[in-house]
Amino acid sequence: MAEPAARRCCLGWDFSTQQVKVVAVDAELNVFYEDSTYHLLLKDTGLFAVKNDVNYLTFSIIDMCQTQGGVHVHEDGLTVTSPVLMWVQALDIILEKMKASGFDFSQVLALSGAGQQHGSVYWKAGASRVLTSLSPDLLLHEQLQACFSITDCPVWMDSSTTAQCRQLEAAVGGAQALSGLTGSRAYERFTGNQIAKIYQQKPEAYSHTERISLVSSFAASLFLGSYSPIDHSDGSGMNLLRIQDKVWSQACLAACAPHLEEKLGPAVPSCSVVGSISSYYVRRYGFSSGCKVVAFTGDNPASLAGMRLEEGDIAVSLGTSDTLFLWLQEPTPALEGHIFCSPVDPQHYMALLCFKNGSLMREKIRDESASRSWGEFSKALQSTEMGNGGNLGFYFDVMEITPEIIGRHRFTAENREVSAFPGDVEIRALIEGQFMAKKIHAEGLGYRVNFNITLIVPKTKILATGGASHNRDILQVLADVFGAPVYVIDTTNSACVGSAYRAFHGLAAGTGMPFSEVVKLAPNPRLAATPTLGASQIYEALLQRYAKLEQRILTQTREPPERIPQAQAH
Ligand SMILES: Nc1ncnc2c1ncn2[C@@H]1O[C@H](COP(=O)(O)OP(=O)(O)O)[C@@H](O)[C@H]1O
Ligand SMILES: O=C(CO)[C@@H](O)[C@H](O)COP(=O)(O)O
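Residues numbered from 1 in each chain as written. Chains lettered and ligands numbered in written order. Predicted model: local features only at pLDDT ≥ 70, side-chain atom pairs only at ≥ 80, totals over all residues. Heavy atoms only, no water.

- Identification of the protein as Xylulose kinase from Camelus dromedarius is taken from an unreviewed UniProt entry.
- Of the comments in the UniProt record for the protein, the one headed Sequence similarities (unreviewed entry) reads "Belongs to the FGGY kinase family." (UniProt positions renumbered as here; feature names shortened; annotations may be inferred.)

Quick look at the sheet that holds strand β10 (residues 152–154)
Item 1. Across the sheet, which stays open at both edges, the three strands sit in the order β6-β7-β10 with antiparallel pairing between neighbours. Edge strands, defined here as strands with exactly one partner in the open sheet, are β6 (72–73) and β10.
Item 2. Relative to β10, strand β7 (residues 80–83) runs antiparallel, the two sharing three bridges. The residue of β10 that forms the bridge with Thr81 is Pro154.
Item 3. Each of β7 and β10 touches helix α2 (residues 84–100); the most contacted strand, β7, lies at about 45° to it. (Pairing = 2+ DSSP bridges. Helix = DSSP H or I, 4+ residues; strand = E, 2+ residues; numbered from the N terminus. Contact = heavy atoms within 4.5 Å. Axes fitted to C-alpha atoms, helices over the stretch in contact; angles between N-to-C directions.)

Quick word on the pairing of strand β1 (residues 9–15)
Item 1. In terms of burial, β1 is a largely internal element, seven of the seven residues being buried.
Item 2. Where burial is concerned, the two faces of β1 agree: the one with Cys9, Leu11, Trp13 and Phe15 and the one with Cys10, Gly12 and Asp14 are both buried.
Item 3. Relative to strand β8 (residues 108–115), β1 runs parallel, the two sharing seven bridges. In the sheet register, Phe15 faces β8, and the bridge partner there is Gly115.
Item 4. Strand direction decides the pairing type here: β1 and strand β2 (residues 19–26), joined by seven bridges, are antiparallel. (Buried < 20%, exposed > 50% of the residue type's maximum accessible area, 1.4 Å probe, protein only.)

Structure (structure tokens):
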């Protein structure tokens, strides 16, 4: 797969929920190397072997790294964490695989990367000294074992911080005020609320922490051999950064934990070169000492870059989480959805919705109703009609983010709730339901046209990415429900490709070159599905029913408002 011949390139990394991935992109913007390491593999095999040119390097997987799909779900069902050393070890494994395959690291001009958003890493006092003096004779995970004050890090799937969310909103004048300031009302997975929980429940670990990174800036720090700053785009997913003037909000910091600003360090523009690669990589892997590290960002912002999203387009990412995002010139922060600073243009923004029950939910229904086969799953979509005979379903095995519902709820054409559907009806109900929810909740985020907010404009393309965008039958339902053509790019790893593009942009940013100019030679997205004739009539009526039924479930399942706990004395 790798080409031993010299080829100047940039690397793009992605530290996502289930895997760490990398691509190499050459100066003509062709992807010529791709690799990944599934965290699941770490669990299933317990051992991972990589052959380098001398011998087999065997990684034994310590118990704490055994995860389900990259995460630990705790007994309360709300707390979700990932072992920080799992990410370090996954990086070791990929680098060793690249070296074993003859990858020429000396040709890498710059690298950047992405991380699953909102997750946080807690570096213990003294860790910075270890980072700056890494020995090239050892793997990273062998040297960083004692560097973390929290070894299992809170990640985006966590929803255990409702009390901290209410405290933060109360401290700044309410949910809408917080949204106006930071781009989002308080969300359980957002980093400020996670940090507040750590401070309240593990005050000693908090006080022994010298630096708090996002997953993205943590990964950048591994390459830099020193602490990398957080970038403005991923920093917008913390409920701590003021998205207009891009500085930490003192009110939010104070509401979450003491001394937080010094533990976070400064936030920087996303296209910043944050330094040169650590000598560890020069000596162990043969990188050039001039290889630059461009600030890492969130995986969704990186995907926006990788898909070269334009105003009017809608990106739909079908990874572990499903997300939908838009490029916006003017942000309108609301009570639903998020506004992040753009990762490629300091003047602009992106709007995002996140759905927690994405690929893992589809996998469950595939296993239950399609004999664990995506082929059978596709056949069910092909053999059922658009609109599913009026049958509608809501499938949220874990507490959903958009909307806040848990459980499976199925309705017949007469709106009668039933406990089961035949397998093929179940599969169509799941996929139609997932896309109807996206369309309904995205209406409020849309583009301003003549003072109205409009989601679909005549030139709208839907750009699909993530693992499930391999599946043409799923993409056909997406085109039908949205009434717009669906395009894909050559790789489903848009966050990695976007990271490599951003690395090129970082190198050129000093000259003021816009991102669009840097990526103008990149291959155009390919058409994957167009709306079927008659789809819009069918889904117009169905979308209204879906929205009403969603309201009905929300009203039936919503608990009485929680008492706001007293903020702890800081
Ligand atoms: N043919 C397919 N049809 C539907 N889903 C698929 C298919 N192939 C892979 N996937 C899904 O893609 C998911 C991984 O997507 P990916 O974007 O790589 O996730 P992440 O970046 O969060 O690790 C898997 O969990 C799997 O369910
Ligand atoms: O929480 C969000 C976005 O707000 C998630 O989209 C995470 O960023 C996880 O990404 P994947 O691993 O599913 O790509």
